[in-house]
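These are the residues of each chain, in order.
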Amino acid sequence: MRHAAHKAAKASSARFSVSKALFTSSRGSHTAKAVRMAQLADGGAVVGLAPEVAEKLNEVAPMSRRAMREAAKAASRKSTLVTSASLAALVGTAATALAFSQQNASRLVIADDGVETTQIKRVSDGAASRSEDRTALKESSTSNNGGWQLGETSASMDANLLSKSLADNPNVAVLMDQDSSVLPAGFNPNHATGEDGGSYPYGQCTWWAYTRRHQLGLPVGSHFGNARDWGASAKALGYWVDGTPRHVGDIIVFAPGQQGADADYGHVAIVEKINADGSIEISESNVKGLGVISNRSFSADDASKLTYIHY
């Protein structure tokens, strides 16, 4: 029986195993690298190279075992430095990128959702446009030469149109608007009224005339005197007094004995209605008894003979 050879060839013992170099330990005196260095130091041939090439390399760079250990350490340190430098560069790059990303994140602006825009079309040929039918300012400049005017002309102003603003009493202002064409020249609606809070004896015609005027919000004096004197007293204070009934609330003054008035004191009453034919209806007191309010009517002709205190 034939047996396998007990010894491998010398050449095979010197052959370098790649798998052993890759998978054996890389530390200690029996590592593949250390063993190979020892072989080179003993003058052995480089595994895998022709004997001539290995001999030439040994001649060019003869090395001792110590030199080989120092060379291996230097190569290891160089590899470590390169690896460390590469790692440091990588970390620096990552840190810089992170810093820039944080800075940009603080300025991040989220855009609105996209919208679809449309072009405004002309509604009609006559429609106004921001880009058409415009005249340069220098071509459309206007002049401010001239004077202030109240209307189309600078004619004198009609003071009667401002009667409302001149009268302190709003009820008088309304009546003045209606009488603007017949007001006495220079009439002052804010004349003294003669009102001081006093009154007249209860139930008399003067008492009713005073009371009724207050009910209508019109001015009246407290001391006009006897009924026959009321026209003269009012006129002296600035009241408009004439012989025409004009408004509800006008005071009617009867001369003594006129239309049944008292022969000594006369009589006063209040206009309550003016009819289209000029006749009037009045309210009065003390004709039918003290404090009794009664009414009468007078024709236009009879009414025209009486005296009226307006405002």
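Residues numbered from 1 in each chain as written. Predicted model: local features only at pLDDT ≥ 70, side-chain atom pairs only at ≥ 80, totals over all residues. Heavy atoms only, no water.

J.: If you had to explain the environment of Pro-189 to someone new, which residues and values would you point to?
T.: Tracing the chain through its elements places Pro-189 in the loop between helix H7 (170–178) and helix H8 (205–215). For the pair Pro-189 and Ala-173, spaced 16 residues apart in sequence, the C-alpha to C-alpha distance is 8.1 Å. Excluding residues within four positions of it along the chain, Pro-189 makes contact with Leu-166, Ala-167, Val-172 and Met-176. (Helix = DSSP H or I, 4+ residues; strand = E, 2+ residues; numbered from the N terminus. Contact = heavy atoms within 4.5 Å.)

J.: Tell me about the sheet that holds strand S5 (residues 293–298), residues and numbers included.
T.: Hydrogen bonds along the backbone pair up the strands of a sheet, which may run parallel or antiparallel. Strand order in the open sheet made by the 6 strands is S1-S6-S2-S3-S4-S5, with antiparallel pairing throughout. Edge positions in the open sheet fall to strand S1 (241–242) and S5, since each of these has one partner strand only. Of the strand pairs in this sheet, strand S4 (residues 280–285) and S5 are connected by 6 bridges, and their pairing is antiparallel. If you follow Glu-284 over to S5, its bridge partner there is Ser-294. Lying on the sheet, H8 is in contact with strand S2 (251–254), strand S3 (267–274), S4, S5 and strand S6 (307–309); it crosses S3 at an angle near 40 degrees. (Pairing = 2+ DSSP bridges. Axes fitted to C-alpha atoms, helices over the stretch in contact; angles between N-to-C directions.)

J.: Lay out H7 with the relevant residues and their values.
T.: The complete set of buried residues in H7 reads Val-172, Ala-173, Leu-175 and Met-176. In a view along the axis of H7, the buried residues occupy a sector of 165 degrees, so they form one face of it. For H7, the exposed residues set more than 90 degrees away from the buried face come down to Pro-170 and Gln-178. In this structure Asn-169 caps H7, since a side-chain oxygen of it lies 2.8 Å from the backbone nitrogen of Asn-171. (Buried < 20%, exposed > 50% of the residue type's maximum accessible area, 1.4 Å probe, protein only. Arc of directions from axis to C-beta. Polar contact = N/O pair within 3.5 Å; in protein donor to acceptor, adjacent residues only side chain to side chain.)

J.: Requested: an account of the confidence of the model for the chain, with residues and values cited.
T.: Overall, the prediction assigns the chain a mean pLDDT of 75, with 53% of residues at 70 or greater. Of the regions scoring below 50 in pLDDT, residues 8–16 engages in 6 contacts with residues more than four places distant in sequence or in other chains. Note that residues 150–155 has pLDDT below 50 and, in this model, 2 contacts with residues that lie over four places away or in other chains. (pLDDT = per-residue confidence, 0-100.)

J.: Summarise the packing of aromatic side chains; cite the residues concerned and give the values.
T.: All chains considered together, the criterion is met by 9 aromatic pairs. Relative to Tyr-311, the ring of Phe-187 lies with its centre 5.8 Å away and its plane at 70 degrees, an arrangement referred to as edge-to-face. Linking Phe-187 in the loop between H7 and H8 with Tyr-311 in the segment after S6, this pair joins segments that are 124 residues apart in sequence. Grouping residues by exposure puts Phe-187 and Tyr-311 together as buried. A centroid spacing of 5.8 Å and a plane angle of 85 degrees characterise the contact between Phe-224 and Tyr-239, whose relative ring orientation is edge-to-face. Of this pair, Phe-224 sits in the loop between H8 and helix H9 (230–237) while Tyr-239 sits in the loop between H9 and S1, and the two are 15 residues apart along the sequence. As far as the burial class goes, Phe-224 and Tyr-239 line up, both buried. (Phe/Tyr/Trp six-rings, centres within 6.5 Å; stacked < 30°, edge-to-face > 60°.)

J.: Would you mind going over the nonpolar core in detail, with residue names and values included?
T.: Membership of the largest hydrophobic core comes to 18 residues, with the highest contact counts inside it found for Phe-224, Trp-230, Val-268 and Ile-309. For this core, the element with the highest residue contribution is H8, accounting for 5 residues. If we ignore the near neighbours within four places in the chain, the residues touching Ile-309 are Arg-213, Trp-230, Gly-231, Ala-234, Tyr-239, Trp-240, Val-241, Asp-250, Ile-251 and Val-253. Formed by 11 residues, the second largest nonpolar core is a distinct cluster that contains Ala-261, Ala-269, Val-271 and Ile-282. (Core = buried A, V, L, I, M, F, W, Y, C linked by side-chain atoms within 4.5 Å.)

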